[in-house]
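Reading the structure
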Amino acid sequence: MTVHQSTPSRRIATSDDLEVSAYLEIAKEKEGQGSQRPEETPKVSEGVVIIDFGSQYSHLIARRIRELNVYSEVVPHTSAWEDVQAMNPKGVILSGGPASVYDEGAPLAPGWVYQKKMPVLGICYGMQVLAHQLGGRVTPSTKREYGHAVLHQNVTDSALFQGMDVSMPVWMSHGDQIQSLPPGFSALAYTDNSPIAVMAGFDNVFGLQFHPEVAHTPQGKGILENFLYRICGCQSRWTVDNFVHSAIQKVRDQVGDGKVICALSGGVDSAVTATLIHRAIGNQLTCIFVNNGLLRREEAERVQRTFQQNLSMNLLYMDVSQRFLERLVGVVDPEQKRKVIGEEFIRVFEDAATELSDADFLAQGTLYPDVIESQTSENQASATIKTHHNVGGLPKDMNLKLVEPLRYLFKDEIRGVASALGLPEEIVMRQPFPGPGLAIRCLGEVTPEKLEILRACDWIVMDEIKGADLYRHLWQTFAVLTDARSVGVMGDFRTYGYAVAVRAVSSEDAMTADWARLPYDVLARISSRIVNEVPEVNRVVYDITSKPPGTIEWE
């Protein structure tokens, strides 16, 4: 977290703090007593709420929780209890964040976090929020901690650290520290620079100054597992089969007798969306595959063939290439490109809905990373990375109601659902292709000529990657047509052509990614073929930027 130089102080209580004050009164009575929670009535489903304070790791917490077969969802710190109660929460996790709790206007936990008496785990800034709101004191640290540290336990019988080493490596990222504990709390562990690196209070409230969700904390997943199963009492109910069953039922409840059109792109996201909805409502669904002129070479034909052979549902093909290309004339800014394309998609589907006897709903294969990276009411504390055309790019006056059964799934979870639904491997393992298509891989203004150059380059890249049997081992592989030109020489003549970038990354969920170490001979073949087979290009470069700091796509 960022170090701030403002004077640390206790926050003045307001009417919103009544439950926190009540918590402190109970703390005085319970000091020295055990911290066992009373038995609760079993719930039909369960989840863990992650309160987001703007950390770039918040999504990673959600991933780790789901990997342990418990549903989790990231919600803004302004969320009311009514916003989360449908999840049937068994616990709450407070994320990290860039603020300092003693600053004016710093984000804090809503009152229900304390009122509901559920187990709470505060991580980094989340731990400082607990200390600050419950009567402790947070101050700037004289020694900041960023990176590796060694955690030493004071107490070895805590359920949170059951099965953990007494000393373990952890990952720190903070400039503030807990100077004094809230009433009823005790310190469980320390590091060289943090005398209170872990704290615990009654009713199973814990704080960790380090990040258990990152790979740099090797035993972090075990700590989260202890929190979920030993402390929250979760029962491993988040499975693919359970998701499929509940998603189908939710679609039936939402749509009723209405008609749905589904935006089908050919990727696994839209294929799973279409299959789930088709199983829910049958012929009330019509899938529409839109050729927006921004597709790769032969993609329109390949997608239609794949879906007609594998999915028995209504499929309508619409070639509106000219319509999209006209809207993109003169558009250079990447955000504007995404919004133009997003709005035009909606207008196309609205027109199609009228022709299809007034469809009521539009189904999209929106997934969780789209929501996280596009600043929405669901993640107000986080910065907008880029506006995804199917989230922030949607027009406010659209007539169709959205059906998005995959909105809170990560890509690997969607692949699991696809396999459970019996979709063919060519769909399940297809590399992601962005909704705005080649428009965001063609830097600067999008023109028909530049698109054809890019299609030729991209075809060569994919052909060589598949030929080297690397396709399934990579998250995404593609070419980018830059707006730069360079001088070259071919056949003793000077050339002045485009520079093309090749991008290949490995990833689990697209939230983070590492550049792929492609074999030199593969890169050499790609480069040689592009400059020899695409006359307009005379230079090929390889992008070795990870995410962060870059994004996977260039725009």
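In this text the structure is predicted, and so the values were computed from the model without any measurement.

1. Remarks on the nonpolar core
Leu94, Trp112, Val129, Val272, Leu276, Phe349 and Leu423 are the most contacted members of the largest nonpolar core, which has 126 residues in total. The element contributing the most residues to this core is helix H15 (residues 448-467), with nine residues. Sequence-distant contacts of Trp112, defined by excluding residues within four places in its chain, comprise Val49, Ile51, Ser79, Ala80, Trp81, Val84, Val92 and Met118. Within the second largest apolar cluster, 40 residues are counted, among which are Met168, Val198, Ile231 and Met511.

2. Focus: the side chain of Gln219
One can find Gln219 in the loop between strand S9 (205-208) and helix H6 (220-231). Of the residues examined, Gln219 reaches a relative accessible area of 18% and is grouped as buried. Beyond its immediate sequence surroundings of up to four residues, Gln219 is in contact with Gly163, Met164, Asp165 and Met168.

3. Concerning the confidence of the model for the protein
Residue-level pLDDT values for the protein average 85, and 87% of them are 70 or greater. Across the protein, element-level confidence peaks in strand S4 (residues 120-123) with a mean pLDDT of 98 and bottoms out in helix H1 (residues 18-30) with 46. Contacts for the low-pLDDT stretch residues 1-19, under 50 throughout, to residues beyond four places or in other chains number 46 contacts. Segment residues 26-44 is flagged for pLDDT under 50; beyond a separation of four residues in sequence, or across chains, it makes 21 contacts in the model.

4. Remarks on the packing of aromatic side chains
On inspection of all chains with the given rule, the structure shows ten aromatic pairs. An angle of 75° between the planes, with centres 5.8 Å apart, marks the rings of Trp238 and Phe243 as edge-to-face. There is no split in this pair, since Trp238 and Phe243 are both buried. Ring centres of Tyr368 and Tyr408 lie 5.4 Å apart, and the angle between their planes is 75°; on these two criteria the pair is classed as edge-to-face. On the criterion of sequence distance, the pair formed by Tyr368 in helix H12 (residues 368-373) and Tyr408 in the loop between strand S14 (401-403) and helix H13 (411-420) is long-range, its members being 40 residues apart. On the basis of relative accessibility, which here comes to 25%, the residue Tyr408 falls in the partly exposed class. Taken together, Tyr71, Trp238 and Phe243 form an aromatic cluster joined through their ring pairs. In this arrangement the basic side chain of Arg415 is found over the ring face of Trp475, its NZ or CZ atom lying 5.6 Å from the centre. Geometry around Tyr498 places Arg485 over its ring, the cationic atom sitting 4.0 Å from the centre.

5. Things to note about unusual backbone geometry
Each neighbour pair has its own omega, and for Lys547 with Pro548 the value is -10°, a cis peptide bond. Along the chain, Pro548 falls in the segment after strand S18 (537-542). Of note, the amide linkage connecting Pro548 to Pro549 takes the cis form, showing an omega dihedral of 15°. Within the secondary structure, Pro549 sits in the segment after S18. At Asn69, a residue that is not glycine, the phi angle is positive and equals roughly 65°. Here Asn69 shows up in the loop between helix H2 (58-67) and strand S2 (72-76). Despite not being glycine, Cys124 has its phi angle at roughly 55°, a positive value. Tracing the backbone shows Cys124 in the loop between S4 and helix H5 (125-133). With a relative accessible area of 2%, Cys124 lands in the buried category.

6. Here's the deal with the sheet that holds strand S11 (residues 285-291)
If you walk across this open sheet you meet the five strands as S12-S11-S10-S13-S14, and the pairing is parallel. Each end of this open sheet is capped by a strand with a single partner; those strands are strand S12 (314-319) and S14. Averaged over all pairs of adjacent strands, the angle between strand axes in this sheet comes to 30°, irrespective of strand direction. In the sheet, S11 pairs with S12 via six bridges, with the strands oriented parallel.

Definitions and cut-offs
Residues numbered from 1 in each chain as written. Predicted model: local features only at pLDDT ≥ 70, side-chain atom pairs only at ≥ 80, totals over all residues. Heavy atoms only, no water. Core = buried A, V, L, I, M, F, W, Y, C linked by side-chain atoms within 4.5 Å. Buried < 20%, exposed > 50% of the residue type's maximum accessible area, 1.4 Å probe, protein only. Helix = DSSP H or I, 4+ residues; strand = E, 2+ residues; numbered from the N terminus. Contact = heavy atoms within 4.5 Å. pLDDT = per-residue confidence, 0-100. Phe/Tyr/Trp six-rings, centres within 6.5 Å; stacked < 30°, edge-to-face > 60°. Lys NZ or Arg CZ within 6 Å of the ring centre and 35° of its normal. Pairing = 2+ DSSP bridges. Axes fitted to C-alpha atoms, helices over the stretch in contact; angles between N-to-C directions.

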